[in-house]
Amino acid sequence: MTMGALHEGHLDLVREARRRADHVVVTIFVNPLQFAAGEDLDAYPRDLEADLAKLASVGADVVFAPDPQVMYPQGEPAVRVDPGPVATRLEGLARPTHFGGVLTVVLKLLHLTRPDVALFGQKDAQQLALVRAMVRDLDLDVEIVGVPIRREPDGLAMSSRNAYLSPDERQAALALSAALRAAGAVASSGPGAVLAAARGVLAAQPGVEVDYAELVDPETMEPVPPGHGGRALLAVAARVGSTRLIDNAILDLQE
């Protein structure tokens, strides 16, 4: 499932689907339910012709690209998915209606396409956790697969919103991936050192307005305790110019 403006990260989802299945369906839909007032719904990049060419090159069999009138023929739906407490943290604090809109459209698209396997990028780690929870709790007959983040050669996580960045802003945006690398280098020193390293890199970069840099459980998005050992998700979000970017990494912490 995509919102179009496809990049190599999206195409990695298709490549992985191709390895797992006989037939690959890609959905392209800029979902109005997941945009709050004042967000970039109207400005969100759209280039269906280019997207179709890219998808043909990596072996997609079918592209379903409905318009909002097809997905929501009665206008905004009266019944929506309640994403629960996981959606109130991290991204949910900045965008409180976002995940309800995401899960509602994901559920509709799963019903419409009936896949055996559905693939999502790990860059949207909280979204991936919520989709998995929805599939588990609502007994949906589909396997959810996360696909690793695809990065530019300089480390920037690929995103359709990267197109908004000016050259100077793009350079500043590298602080997000640099923060993750700095944190990973001190993972053996525990959660406190990890957070200090990540936040230090972000704070030192002019032009980066940090929303959050948190170390959380990958499923619940709850902050890990000070003495936590094992897997944890380091999630960062920041505004660079007018563009809001997210990134994350799974770390193996030492107690």
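Use the structure listed above.
### Some points on the overall build of the protein chain
Of regular secondary structure, the protein chain possesses eight helices and seven strands. Scaling as 2.2 N^0.38, a compact globule of 255 residues should have a C-alpha radius of gyration of about 18 Å, and the protein chain matches this with 18 Å. With the C-alpha coordinates aligned to their principal axes, the bounding extent of the protein chain is approximately 50 × 40 × 40 Å. Each of the 255 residues in the protein chain was classed as buried or not, and the buried ones make up 49%. Here the contacts in the protein chain between residues at least 6 apart in sequence split such that 69% fall between residues at least 24 apart. For the protein chain, the accessible area works out to roughly 12600 Å², and carbon and sulfur atoms hold 52% of it.

### What about helix α1 (residues 8-20)?
In a regular helix each residue adds 1.5 Å, so 13 residues correspond to 18 Å; α1 covers 18 Å between its end C-alpha atoms and thus fits that length. For α1, every residue scored as buried is listed here: G9, H10, L11, D12, L13, V14, E16 and A17. Packed against the buried residues of α1 are β1 (25-27), α2 (48-57), β3 (117-121) and β4 (143-147).

### Some details on the nonpolar core
Core analysis: the biggest nonpolar cluster contains 35 residues, and V106, M134 and I144 have the highest contact counts within it. Elements that contribute at least two residues to this core include exactly α5 (98-113), β3, α6 (125-137), β5 (208-216) and β6 (230-240). Here this core takes eight residues from α5, the largest share from any one element. When neighbours within four sequence positions are excluded, M134 is seen to be in contact with V81, L103, V106, L107, L110, D139 and L140. Of all hydrophobic cores here, the second largest spans 28 residues; its members include L176, V208, V224 and L251.

### As for helix α7 (residues 167-185)
With 19 residues, α7 should reach 27 Å at 1.5 Å per residue; the first-to-last C-alpha distance of 28 Å fits that figure. Along α7, the largest kink reaches about 30 degrees and is centred on S177. Within α7, the full set of buried residues consists of A172, A173, L174, A175, L176, S177, A179, L180 and A183.

### What about the sheet that holds β5?
Reading across the sheet, the three strands line up as β5-β6-β7 and stay open at both edges, with antiparallel pairing between neighbours. At either end of the open sheet lies a strand with only one pairing partner, and these are β5 and β7 (243-253). Strand-to-strand, the axes of this sheet are offset by a mean angle of 15 degrees, without reference to chain direction. Sheet topology note: the β5/β6 ladder contains eight bridges and is antiparallel. Within β6, the position partnered with Y212 by the bridge is A237. Strands in contact with helix α8 (residues 191-203) are β5, β6 and β7; relative to β5, the strand with the most contacts, it is inclined by about 165 degrees.

Cut-offs applied
- Residues numbered from 1 in each chain as written.
- Predicted model: local features only at pLDDT ≥ 70, side-chain atom pairs only at ≥ 80, totals over all residues.
- Heavy atoms only, no water.
- Helix = DSSP H or I, 4+ residues; strand = E, 2+ residues; numbered from the N terminus.
- Rg over C-alpha atoms; globule rule 2.2 N^0.38 Å.
- Buried < 20%, exposed > 50% of the residue type's maximum accessible area, 1.4 Å probe, protein only.
- Contact = heavy atoms within 4.5 Å.
- Areas by Shrake-Rupley, 256 points an atom, 1.4 Å probe, with all protein chains shown as cover.
- Expected span 1.5 Å × (residues − 1).
- Core = buried A, V, L, I, M, F, W, Y, C linked by side-chain atoms within 4.5 Å.
- Bend = angle between axes of the 7 residues up to and from the residue.
- Pairing = 2+ DSSP bridges.
- Axes fitted to C-alpha atoms, helices over the stretch in contact; angles between N-to-C directions.

These values are about where atoms sit, not about what they do.
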